[in-house]
Amino acid sequence: MRLEFDDGTLVLHDAPETVPHAEWDDRVSEYRAQAYRYQAILDWAGHWTDGGGQATLQDGFTHDVEDAARAYPDLALTPALQIEPRDYQQAALDAWRTHDRQGSVILPTGSGKTFLGLQAIADAGVSALVVTPTIDLMNQWHATLTNAFGAQLTDDVGVLGGGSHDIGAITVTTYDSAYRYIDEYGDQFGLLITDETHHLAAETYLQIPEMTIAPYRLGLTATYERADGREELLKDRMGPVVYQEAVDNLAGEFLSEYETIQMSVELTSEERTEYDDEYQIYRDYVDSHDFDLWKEQGYAEFLKRTSYDPQGRRALVAKQRAERIARTAEKKLDTLDNLLKRHHDDRVIVFTANNDFAYDISREYILPCITHQTDTDERTEILERFRSGEYSMLATSQVLDEGIDVPAANVGIILSGSASKRQYAQRLGRILRPTDDRQPARLYEIITTDTMETYVSQRRRDGVSSSADS
Amino acid sequence: MSDEQYRETAATLIDLFESYLGEPKGDLEAAIDELTVDNTDYKIVQGLAKLLKDECEFEQQATVDPREIRQRLFERANDSYPIVRQPTLGEDTQKLEVYSAVADELGISLEACYRGMYADLDDNKRLVRFGEQTVDEYDKDASDTSTTKLTGNSKQEYDQTEQTVDWLLARYNLALAQAVLYDASEMRIRVWDHFGTVFSYVKLFGLMHRIYPIDADGTRVDSTDNAAGYEAELDGPASLFRKSQKYGIRMANFLPALPLCDRWEMNAEILDDDSTRTSHQFTLDTTDGLVSHYSTGQQFDSDIERTLARKWERANTEWELQREDDVFDLGDEVMIPDFAIEHPDGRRAILEVVGFWTPEYLASKLAKIRQVDADNFVLAVSERLDCADEDFGDAADRVLWFKSGIHVYDMVELAEAYASATEMDRR
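Nothing here was measured: the structure is a model prediction, and the numbers come from that model. (Residues numbered from 1 in each chain as written. Chains lettered and ligands numbered in written order. Predicted model: local features only at pLDDT ≥ 70, side-chain atom pairs only at ≥ 80, totals over all residues.)

A word on the overall build of chain A. Check the secondary structure of chain A and you find 15 helices and 19 strands. Within chain A, buried positions represent 47% of all 470 residues. The contacts of chain A with a sequence gap of at least 6 include a subset with a gap of at least 24, amounting to 71%. (Helix = DSSP H or I, 4+ residues; strand = E, 2+ residues; numbered from the N terminus. Buried ≥ 20, exposed ≤ 12 C-beta atoms within 10 Å, placed from the backbone. Contact = placed C-beta atoms within 7 Å.)

Here's what the structure looks like:
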């Protein structure tokens, strides 16, 4: 029998009828199996060897096998920074290892899931594909993996997604890109890591694990259960849940203290006129249609109308324009001017909600800048320089999460932002750390008075304080 | 939207793109957005614009690598903070000092330094080509007002725009159909001509197939000899295990191959939303007026084939020569012999011409030929090739070896000997 990887599946040339997990493919007159059955089929044939173990010869049921499917290399890596794993991280790794390096680990947000991923890659000793739900997270994994293994790899850490298409022995990608390309690369990796693995249970994404032969699989998440119960499907593709750490056991441990200072600016008279005009168009439309905009449903109804009512469309554009005027108010730059003077010896991160504003600020104050458009390797380099102190300031339109790859800053300045409260509570908490004991970390929030921003800011701080209570 | 409105919108967009030649991409996009401010058909506008953008080339305008410029700026700035707009203290730096220093270092102008800093951003790249038009032509036309573009020849220009509008709307219709196919799990096609072209696109886009010969009404028949056309079920390797949208993108890419046929039908199963597991049917055929932008390829593979066809026309025989009339399903690919030789009484033979090929191509062709299971399959093989009777397996007796060209009457003789009788109702 000869195993061959074919476009996300395994063709089993000259296979006996007894071969498990296979279907007869009348189109090519051979048996075919899903790629993720690779290990099980080798195991059945008595050809699976693992980590120094012996091939298991099951009661004489061995078959001659030519493995033309495996295209992934062995890879001996050690994380560059030897951090001692925390107890629960070590326990999770041990549990995964004893489950034949298959299965999912449930750890609370902020407990170092990425770090566990590094340990798993070093432990498995084969090439690895890391799949993440967003380009942001993909970039963060790239930074972390480059940091940990970059010097030991012959090629750079590969990036598949966000406009890049480079495959390396260690490669990061997004669910969407992996879904699109896995049939091409499903034979190139021995370890599959899926971050926020509960997303994997979606009908389309399930084909990512199905179309890869990787015998080792690690799922990571803080919230394994899904409303639709589809997490059940993960067991077959990724292995069972092998370790779980409750939120309570770790809560509060990694939150840092910071104080929030709110500063207000006015619109210039020109901005004010334009703002009021646009806002009025929006307001008039909404008032004449009786949407209850404070409720999710009411807003959805408004959005729906904008797709067939030209006035509604205009109202939506008016709202967006008004928001942009408030976000990028001219006088925010004056205030920023003052803050940058005050904190020029500190480590400062300036947040904006849109890319254009981030670039304006980067040009104006000559600050290194990271946005969604920044190439993954340049992003990694800028963060590395920020970490080492070569850069002390940073402008970004991206929210940088996960303590592990974002170097600490002691001053945060929010120039504009969206009102997603949970995200802000988590993200800001992790980035801001006092540089010395006498002075707490500071978060400045620059708000344009008498605009929609005033409301947004209120919601944001409500979110921060309510989550700190829990 | 009425047809007339579509044409109007398309024409407006084409004008817009032309007027932004040489301008930054970000400005062009802002101008497109401006068209949709109170237009609920913004999806159509954006869709048309997307197709036009595919015909554009945007280029980065910088003499020094932008990443190099900004890295130097940030390094220098980091030693000079605070850099402020309104210096209060004597030691505060202004940005100009940093920009000038780096510009000098790199030997470029201050402006080149400032503009080059982010010249690699998508928004800052410039539109240098739109369709056939390039910036240079545009500049020339603009500066020299006596050239054709602005003088008297507006009729010609109008026709050109009308053609572009036709082209754009045709592409848009095709793109809409393709967008539906992204969620397709299986496609079933029926074609009555251009078999070679269709199946070469099936292969090109990585689709797998099951093929059934059909008659003129689309009913399945038992042999390719009785076939007027072919039905094919198209999907991918993993379709064996589950219904999957995975190959929808391949089917969408394949779709433009169908309008190359004079007569075709397509039916696809489209899976609905991720979790519901329901589906609906999507049907298209010749009458939907889709236009292809794919090429049909060469009509004849070689001079030998073309010469044979020409000689056959002049020859005095009742046997007729038909181009690429049969499709043999070989599993992971198909074999489409060059000709069928048909007699009015219903007898027919299938002919493959093996001319002057590279050794690699010959080897793969021979492997295909050996898989063909048909007693009326005859071959004309060049003596100059490095192969012999035994390379043709069961077909060895049915080979005509030729020196420089094929004689029609030799072929007729071969057809008389091996043709099989078929029913008369093929067409």
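Don't stop here, the text continues.
Bringing the domain arrangement of chain A into the picture now. You can read the domains of chain A as domain 1 (2-67), domain 2 (87-244), domain 3 (258-266 + 329-469) and domain 4 (269-327). Here the C-alpha centre of domain 4 of chain A lies 60 Å away from the C-alpha centre of domain 1 of chain A. (Domains from an automatic or database assignment.)

Residue and element names in this part refer to chain B. At a minimum axis separation of 10 Å, helix α4 (residues 66-78) and helix α5 (residues 95-106) run at an interaxial angle of 130°. Between α4 and α5, the angle is such that the two are oblique. Viewed along their axes, α4 and α5 form a crossing whose handedness is right-handed. Residue-level contacts link I69, R72, L73, R76 and A77 of α4 to V98, A101, V102, E105 and L106 of α5. (Axes fitted to C-alpha atoms, helices over the stretch in contact; angles between N-to-C directions. Parallel < 35°, antiparallel > 145°, perpendicular 65-115°, else oblique. Left-handed = near helix turned anticlockwise from the far one by under 90°.)

What follows concerns the interface of chain A and chain B. Listed by partner, the interface residues are 41 residues for chain A and 38 residues for chain B. Elements supplying a minimum of two residues to the side of chain A that touches chain B: β3 (22-25), β4 (30-34), α10 (310-327), α11 (330-342) and α12 (355-365) of chain A. A class-by-class count of the residues in the side of chain A that touches chain B yields 14 nonpolar, 10 polar and 17 charged. (Nonpolar A, V, L, I, M, F, W, Y, C, P; charged D, E, K, R; others polar.)

Mapped onto the fold, Q46(B) is located in helix α3 (residues 42-53). Here the alpha-carbon distance between Q46(B) and E29(B), two residues 17 residues apart in the chain, equals 9.7 Å.

This part is about the sheet that holds strand β7 (residues 128-132) of chain A. Residues and elements named next belong to chain A. Strand order in this open sheet of 8 strands is β9-β8-β10-β7-β11-β12-β6-β13, and the pairing throughout is mixed. Either end of the sheet is taken by a strand with one partner, and the two such strands are β9 (164-166) and β13 (241-244). Adjacent strand axes in the sheet meet at a mean angle of 20° when their direction is disregarded. Examined bridge by bridge, strand β8 (residues 158-161) and strand β10 (residues 170-174) share 3 bridges and lie parallel to one another. Looking at the pairing, L160 lines up with T173 of β10. (Pairing = 2+ DSSP bridges.)

Glancing now at helix α3 (residues 113-124) of chain A. Residue and element names in this part refer to chain A. The terminal C-alpha atoms of α3, which comprises 12 residues, lie 16 Å apart, in line with the 16 Å expected from a rise of 1.5 Å per residue. Within the sequence span of α3, burial applies to K113, T114, F115, L116, G117, L118, Q119, A120, I121 and A124. Positive backbone phi, at 70°, marks G125, one or two positions downstream of α3. (Expected span 1.5 Å × (residues − 1).)

All names here are of chain A. Membership of the largest hydrophobic core comes to 72 residues, with the highest contact counts inside it found for L10, V105, A120, A128, L191, I193 and I208. Each of domain 1 (2-67) and domain 2 (87-244) gives at least three residues to this core. Contacts of I193, omitting those with residues within four sequence positions, involve G117, A120, A128, V130, V131, L218 and L220. In this structure, I370, A409, I413 and L443 belong to the second largest nonpolar core, which totals 49 residues. (Core = buried A, V, L, I, M, F, W, Y, C linked by C-beta atoms within 7 Å.)

To continue, consider the sheet that holds strand β14 (residues 258-265) of chain A. Residues and elements named next belong to chain A. Here 6 strands make up an open sheet; going across it, the order is β14-β19-β18-β15-β17-β16 and the pairing parallel. The sheet terminates laterally at β14 and β16 (369-370), the two strands that pair on one side only. Where strand β15 (residues 348-351) lies against strand β18 (residues 411-414), 4 bridges are found, and the strand directions are parallel. Across the sheet, V350 pairs through a bridge with I413, a residue of β18. Most of the contacts of α11 go to β14, to which it runs at about 140°, and overall it touches β14, β18 and β19 (441-448). Against the sheet, α12 engages β15, β16 and β17 (393-396), with an angle of about 150° to β17.

For a regular strand, side chains alternate in direction, first toward one face of the sheet and then toward the other. Residues and elements named next belong to chain A. Within strand β11 (residues 191-195), 5 of the 5 residues are buried, which leaves the element mostly enclosed by the surrounding structure. Neither face of β11 is open: one carries L191, I193 and D195, the other L192 and T194, and all of them are buried. Note: β7 against β11, 4 bridges, orientation parallel. When the sheet's bridge partners are listed, L129 is paired in β11 with L192. In this structure, β11 lies alongside strand β12 (residues 216-221), joined through 5 bridges in parallel fashion. When the bridges of β12 are listed, L191 appears paired with Y216.

This part covers unusual backbone geometry. For the bond running from Y81(B) to P82(B), omega is 0°, close enough to zero to count as cis. Its place among the elements puts P82(B) in the loop between α4 and α5. Although it is not a glycine, S29(A) sits at a positive phi angle of roughly 55°. Mapping S29(A) onto the fold places it in the loop between β3 and β4. Of note, the phi angle at R101(A) is positive, near 55°, even though the residue is not glycine. The residue R101(A) is located in the loop between α2 (87-98) and β6 (102-106) in this model. Overall, the presence of 23 C-beta atoms within 10 Å leaves R101(A) in the buried class.

A few words on the confidence of the model for chain B. All names here are of chain B. Of the residues in chain B, 91% reach a pLDDT of 70 or more, and the chain-wide mean stands at 86. Note that residues 140-152 has pLDDT below 50 and, in this model, 6 contacts with residues that lie over four places away or in other chains. We note a pTM of 0.79 for the whole complex and an ipTM of 0.77 for its interfaces. (pLDDT = per-residue confidence, 0-100.)

All right, on to the pairing of β7(A) then. All names here are of chain A. Burial of β7 is extensive: 5 of the 5 residues sit out of reach of the surface. Burial along β7 is two-sided: the face carrying A128, V130 and T132 and the face carrying L129 and V131 are both buried. Sheet topology note: the β7/β10 ladder contains 5 bridges and is parallel. In the strand pairing of β10, A128 is matched with I170.

To continue, consider helix α13 (residues 408-418) of chain B. Residues and elements named next belong to chain B. Three or more residues of α13 are buried, namely M411, V412 and A415. Angular distribution of buried residues about the axis of α13 spans 100°; they occupy a single face of the element. Of the residues in α13, the exposed ones pointing more than 90 degrees away from the buried face are E413 and A417. As for α13, its buried residues are in contact with β12 (339-342), β13 (347-354), β14 (377-382) and β15 (399-402). (Arc of directions from axis to C-beta.)

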